[in-house]
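Letter by letter, the chains look like this.
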Amino acid sequence: VFVREMSGLTDMEIQLQEILGITKVVILPQDSDEIPAVKSHIGKEAARFLETLFARYKKIAVTGGSTMAAISKELTNGKPDKALQFIAARGGLGEDVLHQANTIAAAFAEKTGGSFKTLYLPDHLSAEAFAMMMKEPVIKEMMDLYDQTDVVVHGIGNAGEMAVRRHSSTEEVEKIHSGGAISEAFGYYFDKDGKIVYRIRTAGIQLEQVQKATTVLAVAGGESKARAILSYAKNAASPTVLITDEGAARKIMELT
Ligand code: F6P
């Protein structure tokens, strides 16, 4: 807190809350694009914030990514709580295992003494396979859990980079590109106005379910994510808390 006040970051936090139209913004000093340790600081701040929610909220959906992995490293099990349930927000198998939602859900549960629910489905299902999968009882069970989710914790990425990271097909890349997608979160690609451009065809939490959660915690930093954060924030309906860094914050101010 002291460092943030000294560097004028608390003022910037209030300005960003208004620009983005969200409930709360926390800015960590420096830029995680340049200094990798800043991502751990984001993780630590997010872990502390999440821990304040655990007493009241038990059903928590989580996505994947390296910033989410940074949170799991920082969670502590001061008070193990068996009632906590971490739900993988998507069935994504396209990414590096350590960064998949399933792995993150398991890691959060291990750290906090809670349980977890995973969903192992490929990232790119054919229309037929998708329709069939959605009828499976295990998938229906996940869908019900998404509906009961209290808190969603997720990363935000650059649309183009995420398409590459997920080995998306030429057809998907084309849709993402021609639609002007800027950001990606929980399998949805959004344009600069926050309009959905494309959605990965796999089972996962729906945007409406995220929007009706009691709290949404978004974690993303680095100057390179400024546009993505701006685009994503257009969708924030439920109380949203963003934990970011100075690199992203300064660039957002410059762009707006
Ligand atoms: O793939 C999971 C995910 O949370 C995406 O939805 C998001 O775009 C990305 O990871 C963020 O990844 P990172 O924190 O590594 O930048």
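Residues numbered from 1 in each chain as written. Predicted model: local features only at pLDDT ≥ 70, side-chain atom pairs only at ≥ 80, totals over all residues. Heavy atoms only, no water.

(A) The sheet that holds strand E6 (residues 157–158), seen in detail. Taking strand neighbours across the sheet as the criterion, the four strands line up as E6-E7-E8-E9 in an open arrangement whose pairing is antiparallel. Of all the strands in the sheet, the pair left with one neighbour each is E6 and strand E9 (196–199). Bridging between strand E7 (residues 183–185) and strand E8 (residues 188–190) involves three bridges; their strand directions are antiparallel. For Ala185, the partnering residue across the bridge sits in E8 and is Tyr188. Running at roughly 165 degrees to E9, helix H9 (residues 170–178) makes contact with E8 and E9 of the sheet. Sheet contacts for helix H11 (residues 226–233): E6, E7 and E8; angle to E7, the most-contacted strand, approximately 65 degrees. (Pairing = 2+ DSSP bridges. Helix = DSSP H or I, 4+ residues; strand = E, 2+ residues; numbered from the N terminus. Contact = heavy atoms within 4.5 Å. Axes fitted to C-alpha atoms, helices over the stretch in contact; angles between N-to-C directions.)

(B) Up close: the nonpolar core. Counting 42 residues, the largest nonpolar core has Leu20, Ile156, Phe186, Ile205, Ile229, Tyr232 and Leu242 as the members making the most contacts within it. When contributions to this core are tallied by element, the ones reaching two or more residues are helix H2 (9–20), strand E1 (24–28), helix H7 (137–147), E8, helix H10 (207–211), strand E10 (215–219), H11 and helix H12 (246–255). Counting residues per element, this core draws most heavily on H11, at six residues. Setting aside its immediate chain neighbours within four residues, Ile229 contacts Leu20, Ile156, Ala220, Leu242, Thr244, Ala248 and Ile252. Counting residues in hydrophobic clusters, the runner-up holds 30 residues, among them Ile42, Tyr57, Val62 and Ala101. (Core = buried A, V, L, I, M, F, W, Y, C linked by side-chain atoms within 4.5 Å. Buried < 20%, exposed > 50% of the residue type's maximum accessible area, 1.4 Å probe, protein only.)

(C) Geometry of a negative patch on the surface. A surface patch of negative charge is lined by Asp33, Glu34, Glu161 and Glu223. Structurally, Glu161 can be placed in helix H8 (residues 159–165). (Patch = residues over 30% accessible without salt bridge, like charges linked within 9 Å, V, L, I, M, F, W, Y side chains within 5 Å. Areas by Shrake-Rupley, 256 points an atom, 1.4 Å probe, with all protein chains shown as cover. Salt bridge = Lys/Arg side-chain N within 4 Å of Asp/Glu carboxyl O. Lys, Arg positive; Asp, Glu negative; His and termini not counted. Charge placed at Lys NZ, Arg CZ, Asp CG, Glu CD.)

(D) Structural detail: the confidence of the model for the protein. With 97% of its residues at a pLDDT of at least 70, the protein reaches an overall mean of 93. Overall fold confidence for the complex sits at a pTM of 0.95, while the interface term, ipTM, reaches 0.99. (pLDDT = per-residue confidence, 0-100.)

(E) Main features of the packing of H2 against H12. Viewed as axis vectors pointing N to C, H2 and H12 meet at an angle of 55 degrees, and their least axial separation amounts to 11 Å. Accordingly, the angle class assigned to the pair H2 and H12 is oblique. H2 and H12 meet at a crossing whose hand is left-handed. From H2, Leu9, Met12, Gln15, Leu16, Ile19 and Leu20 reach across to H12, where they touch Glu246, Ala249, Arg250, Ile252 and Met253. (Parallel < 35°, antiparallel > 145°, perpendicular 65-115°, else oblique. Left-handed = near helix turned anticlockwise from the far one by under 90°.)

(F) Broad picture of H2. Its twelve residues give H2 an end-to-end C-alpha distance of 16 Å, which sits within 8% of 16 Å, the value for a rise of 1.5 Å per residue. Inspection of H2 places Leu9, Met12, Glu13, Leu16 and Leu20 among the buried residues, and these make up the whole buried set. Each buried residue of H2 sits inside an arc of 105 degrees when the element is viewed along its axis, so together they form one side. In H2, the exposed positions angled more than 90 degrees off the buried face are occupied by Asp11 and Glu18. Directly beyond the C-terminal end of H2, a positive phi value near 65 degrees is found at Gly21. (Expected span 1.5 Å × (residues − 1). Arc of directions from axis to C-beta.)

(G) How the structure looks around the layout of surface pockets. Considering only enclosed or pocket space, the largest pocket measures out at about 470 Å³ in volume. Contributing to the lining of the largest pocket are 32 residues, with Gly65, Ser66, Met162, Arg165 and Lys225 lying nearest its centre. Mapped by element, the contributors of at least two residues to the lining of the largest pocket are helix H4 (66–74), E6, H8 and E7. By volume, the second largest pocket amounts to about 210 Å³. If you go around the second largest pocket, the residues you meet are Glu51, Phe54, Ala55, Lys58, Thr76, Asn77, Gly78, Lys79, Asp81, Leu84 and Thr112. (1 Å grid on protein atoms, 1.4 Å probe; cavity = no way out; pocket = protein on both sides within 12 Å on 5 of 7 lines; lining within 4 Å. Points joined across faces, edges and corners; volume = space filled by probe spheres on them.)

(H) Representation of the site of the ligand. The immediate surroundings of the ligand are formed by 16 residues, with Ser66, Thr67, Glu95, Glu184 and Lys225 found nearest. In this structure, Ser66 approaches the ligand through a side-chain N or O atom, which is 2.5 Å from an oxygen atom. The side chain of Arg165 places a nitrogen or oxygen atom 3.1 Å from an oxygen atom of the ligand. For the ligand, whose accessible area on its own is 400 Å², the fraction buried by protein is 96%. Structurally, the ligand is housed in the largest pocket. Where the shell around the ligand is concerned, the elements lending two or more residues are H4, H8 and E7. When its residues are assigned to classes, the shell around the ligand shows four nonpolar, seven polar and five charged. (Near = heavy atom within 4 Å. Polar contact = N/O pair within 3.5 Å; in protein donor to acceptor, adjacent residues only side chain to side chain. Sits in = over half its atoms within 2 Å of the grid points. Nonpolar A, V, L, I, M, F, W, Y, C, P; charged D, E, K, R; others polar.)

(I) Inspection of the side chain of Asp191 at higher detail. Mapped onto the fold, Asp191 is located in the loop between E8 and E9. A distance of 2.9 Å separates a polar side-chain atom of Asp191 from the backbone nitrogen of Asp193. If near-sequence neighbours (up to four positions away) are discounted, Asp191 is found in contact with Gly179, Gly180, Ala181, Ile182, Val197 and Ser231.

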